[in-house]
Amino acid sequence: MTRPKLDLRTRLRRIRNRMRRPGGQAVILMYHRIADDPGDPWGNCVSPANFEAHLAALRRVARPTRLAELVEGLASGTVRDGAVCVTFDDGYVDNLEVARPLLERYGIPATLFAITGREGRDREFWWDRLGRALAAGEGQETDLVLEVGGEARKWRVTAPQRREIGREIHALLLPLSTEEREPLLRVLAEWAGVDPDEVRPSHRAMEPEELVRMAEGPLFDVEAHTVNHPALSLRPPPEQGRELERARAHVGTWLGTPARGMSYPHGRVDDLTRRLVQEAGYAYACGSAEGPVRMESDPFMLPRAYIADSSGETLARRLKWLLY
Ligand SMILES: [Zn+2]
């Protein structure tokens, strides 16, 4: 691929960056769902049309690169300047059905960090169940009571406050274990009048055989995102270790090679978590801290760029800012 033409401002920024830092600079993009979902409360979706525009922009302004290659480059001191890696977190089935064919069409590699437990398959991910409960009965004004950590919390749920209340409940549920969270999700489902066990096809996570299909071919890698998606640094160390080791082994059972990389659920990581990731045998880990990857970046705290449902032009501008 030839080097794209850059405008004057970009060229000046590039010169400034060169003077500041030795070595190349790369960006890892973080996606979740590729779907049209106007009710998406957490900003997890990029529409298929925008995703395709992003891929065209990547071809135009950057060098699409396999994440494994970028990580090897960091170790050997040869990061290709302008390298951009596409990643997905969680393992939604639209990654296989919608994103994968588009990535193939553009010849752009991608890495999926998959949750390896049954959440997302037997039941929807907890944040999707919370989002669905709060969206149900929109327009009604009702009281909601949840007992979290022995303390009863009460909200008067009105239409304009739903989003804010959703964020509050999200923050309360985030540090909990799956077992602690489940009864609260059932209270929420009952309050909203929705089936707590229904898995909407639009929100389903891939089954293991679908993850195997996702990983087929030279463009795609499937790595780990823990078993149950805990906010790792907020959980006891033995639980963190189990989550990391088992998820790595699950990937090995499905794909023949244990996971080499992982991404931190909810971006929650501290020094202890980082050490546990290394001890579990991973070669690298991606966080959610915003910014470019540089030669001096810690391979166990790789920054990523959260990608919103924006146009190809918006992404191109952001990439030029981050890369050059
Ligand atoms: Zn996640």
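Residues numbered from 1 in each chain as written. Predicted model: local features only at pLDDT ≥ 70, side-chain atom pairs only at ≥ 80, totals over all residues. Heavy atoms only, no water.

A few words on the overall build of the protein. When helices and strands are tallied, the protein shows eleven helices and 13 strands. Whereas a compact globule of 324 residues would reach a radius of gyration of roughly 20 Å, the protein reaches 20 Å, a difference of no more than 12%. With respect to the principal axes defined by its C-alpha atoms, the protein has extents near 60 × 40 × 35 Å. Counting all 324 residues of the protein, 54% fall into the buried class. Contacts spanning at least 24 positions in sequence make up 70% of the contacts within the protein whose residues lie at least 6 apart. (Helix = DSSP H or I, 4+ residues; strand = E, 2+ residues; numbered from the N terminus. Rg over C-alpha atoms; globule rule 2.2 N^0.38 Å. Buried < 20%, exposed > 50% of the residue type's maximum accessible area, 1.4 Å probe, protein only. Contact = heavy atoms within 4.5 Å.)

The next subject is the coordination of the zinc ion. On the protein side, the zinc ion has Asp90 (OD), His225 (NE2) and His229 (NE2) as donor atoms, found 2.1 Å from it. Every donor residue of the zinc ion comes from the same chain, spaced as D-x134-H-x3-H. With a relative accessible area of 1%, His225 lands in the buried category. (Donors = N, O, S within 2.8 Å, 3.2 Å for Na, K, Ca; no water.)

A few words now on the pattern of salt bridges. Per the counting criterion, the structure on display carries 24 salt bridges. Between Arg156 and Asp143 there is a salt bridge, with the nearest N and O atoms lying 2.9 Å from each other. With a gap of 13 residues between them, Arg156 in strand S8 (residues 151–157) and Asp143 in strand S7 (residues 142–148) connect regions that are remote in the sequence. Judged by its relative accessible area of 42%, Arg156 is partly exposed. The partner of Arg186 in a salt bridge is Asp197, with the nearest N and O atoms 2.7 Å apart. Of this pair, Arg186 sits in helix H7 (residues 178–192) while Asp197 is found in the loop between H7 and helix H8 (208–214), placing the two residues eleven residues apart along the sequence. Overall, Arg186 belongs to the partly exposed group, its relative accessible area being 31%. (Salt bridge = Lys/Arg side-chain N within 4 Å of Asp/Glu carboxyl O.)

At a closest axis distance of 10 Å, the pairing of helix H2 (residues 48–61) and helix H4 (residues 94–106) adopts a crossing angle of 25°. For the element pair H2 / H4, the angle class is roughly parallel. Relative to H4, H2 is oriented so that their crossing is right-handed. In contact with Pro48, Phe51, Glu52, Leu55, Ala56 and Arg59 of H2, H4 contributes Val98, Ala99, Leu102, Leu103, Arg105 and Tyr106. For the contact of H2 with H4, the class distribution of residues is nine nonpolar, no polar and three charged. (Axes fitted to C-alpha atoms, helices over the stretch in contact; angles between N-to-C directions. Parallel < 35°, antiparallel > 145°, perpendicular 65-115°, else oblique. Left-handed = near helix turned anticlockwise from the far one by under 90°. Nonpolar A, V, L, I, M, F, W, Y, C, P; charged D, E, K, R; others polar.)

On to the packing of aromatic side chains, then. Scanning all chains against the criterion turns up seven aromatic pairs. Between the aromatic rings of Tyr31 and Phe88, the centroid separation amounts to 5.8 Å while the plane-to-plane angle is 35°, which identifies the pairing as tilted. With Tyr31 in strand S1 (residues 25–31) and Phe88 in strand S5 (residues 83–90), this pair connects stretches of sequence that are 57 residues apart. Each of the two residues, Tyr31 as well as Phe88, counts as buried. Look at Phe125 and Trp127: their rings are 4.9 Å apart centre to centre, the planes differ by 10°, and that puts the pair in the stacked class. Following the ring pairs from residue to residue traces out a cluster consisting of Tyr92, Phe125, Trp126 and Trp127. Sitting over the ring of Tyr92, Arg33 keeps its end group 5.6 Å from the ring centre. Its end group placed over the ring of Tyr282, Arg248 keeps NZ or CZ at 5.9 Å from the ring centre. (Phe/Tyr/Trp six-rings, centres within 6.5 Å; stacked < 30°, edge-to-face > 60°. Lys NZ or Arg CZ within 6 Å of the ring centre and 35° of its normal.)

The subject of this paragraph is the pairing of S7. Looking at chain direction, S7 and S8 are connected through seven bridges and run antiparallel. Across the sheet, residue Val148 finds its bridge partner in S8, namely Glu151. The turn joining S7 and S8, which pair antiparallel and follow one another in sequence, is formed by two residues; a positive phi near 60° is taken by Gly149. (Pairing = 2+ DSSP bridges.)

Core analysis: the largest hydrophobic core is formed by 38 residues, its most contacted members being Leu29, Tyr31, Phe51, Phe88 and Leu103. Elements that contribute at least two residues to this core include exactly S1, H2, S5, H4, strand S6 (110–114), H8, strand S9 (220–224) and helix H11 (312–323). Setting aside its immediate chain neighbours within four residues, Leu29 contacts Leu58, Val84, Cys85, Val86, Thr87, Ala305, Ile307 and Leu319. In this structure, Phe125, Ala189, Ala192 and Val194 belong to the second largest nonpolar core, which totals 27 residues. (Core = buried A, V, L, I, M, F, W, Y, C linked by side-chain atoms within 4.5 Å.)

In this section: the packing of H2 against H11. The interhelical angle for the contact between H2 and H11, taken along N-to-C directions, is 40°, at an axis separation of 8 Å. Judged by the twist between their axes, the crossing of H2 over H11 is right-handed. Within the contact between the two elements, H2 uses Ala53, His54, Ala57, Leu58, Arg60 and Val61 and H11 uses Gly312, Glu313, Leu315, Ala316, Leu319 and Lys320.

For Arg33, the location among the structural elements is in strand S2 (residues 33–34). On the basis of relative accessibility, which here comes to 3%, the residue Arg33 falls in the buried class. Reaching out from Arg33, the side chain makes a polar contact with the side chain of Asp37 at a distance of 3.0 Å. Every residue in contact with Arg33, bar those within four places of it in the chain, is listed here: Asn44, Cys45, Val46, Tyr92, Asp94, Asn95, Ser202 and His203. (Polar contact = N/O pair within 3.5 Å; in protein donor to acceptor, adjacent residues only side chain to side chain.)

In short, geometric facts, not functional conclusions.
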